[in-house]
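# Fold and contact review
Each chain, letter by letter, is given below.
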Amino acid sequence: MMKHYLEKKQTVLEHLETEINGLSPEQAAERLEKYGRNKLAEGKRKTVVQRFLEQLMDPMVIVLIAAAVISGIASEIADAVIILMVVILNSVLGVIQEGKAEKAIEALARMSSPYCRVRRNGHVMKIKSEEVVPGDIVLM
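Just so we're clear, the structure is a prediction, and the values are computed from it rather than from any experiment.

The next subject is the overall build of the protein. When helices and strands are tallied, the protein shows five helices and three strands. Listing each helix as α and each strand as β along the protein from the N terminus yields α-α-α-α-α-β-β-β. Whereas a compact globule of 140 residues would reach a radius of gyration of roughly 14 Å, the protein reaches 27 Å, over 25% beyond that. The C-alpha extent of the protein, read off along each of the three principal axes, is 80 × 30 × 25 Å. Buried residues in the protein amount to 21% of all 140 residues. The long-range fraction of contacts in the protein, counting pairs at least 24 apart against all pairs at least 6 apart in sequence, stands at 48%. For the protein, the exposed area adds up to about 10,900 Å²; of that, 63% sits on carbon and sulfur atoms.

Summed over the entire model, instances satisfying the criterion amount to zero aromatic pairs. The residue whose ring lies beneath Lys 126 is Tyr 115, and the NZ or CZ to ring-centre distance is 5.3 Å.

This part takes up the pairing of strand E1 (residues 115–120). Judged by which residues are buried, E1 turns out to be one-sided: Cys 116, Val 118 and Arg 120 face inward and are buried, whereas Tyr 115, Arg 117 and Arg 119, on the alternate face, are not. Pairing of E1 with strand E3 (residues 137–139) involves three bridges; the strand directions are antiparallel. Paired with Arg 117 across the bridge in E3 is Leu 139.

Averaged over every residue, the pLDDT of the protein is 90; the share at 70 or more is 99%. No element of the protein has a lower mean pLDDT than helix H1 (residues 9–15), which averages 89, and none a higher one than helix H4 (residues 59–73), which averages 94.

The rules we used
- Residues numbered from 1 in each chain as written.
- Predicted model: local features only at pLDDT ≥ 70, side-chain atom pairs only at ≥ 80, totals over all residues.
- Heavy atoms only, no water.
- Helix = DSSP H or I, 4+ residues; strand = E, 2+ residues; numbered from the N terminus.
- Rg over C-alpha atoms; globule rule 2.2 N^0.38 Å.
- Buried < 20%, exposed > 50% of the residue type's maximum accessible area, 1.4 Å probe, protein only.
- Contact = heavy atoms within 4.5 Å.
- Areas by Shrake-Rupley, 256 points an atom, 1.4 Å probe, with all protein chains shown as cover.
- Phe/Tyr/Trp six-rings, centres within 6.5 Å; stacked < 30°, edge-to-face > 60°.
- Lys NZ or Arg CZ within 6 Å of the ring centre and 35° of its normal.
- Pairing = 2+ DSSP bridges.
- pLDDT = per-residue confidence, 0-100.

Quick look at the structure:
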């Protein structure tokens, strides 16, 4: 991989197949199609059931479930039921909080749609940062 910051300007321009005036709109569109948007891939979303099961896989929760089983075997049914109710309530609240946090992060991502200035076809343009492609001349 070329270390652009160590190279001369003309060498970098040639390597990225661009010029000092930037890409043409057609070149930018082609590269956007070829390379895709300049953003992180979104991960696969977990279902509510998967989130609930993850809550139950916490080591402390496993200890509590084991304690409930032992209480049940020892004929302490009331204790076992109370422990299991606490575990279930805790897991439900964890899933709810995780869902709220995910929605808040999505809202922040929508609100902060960053833009940047690039030179394309000799003109300075303000574009969404996700539309920056290899070969764009980004102005700092």
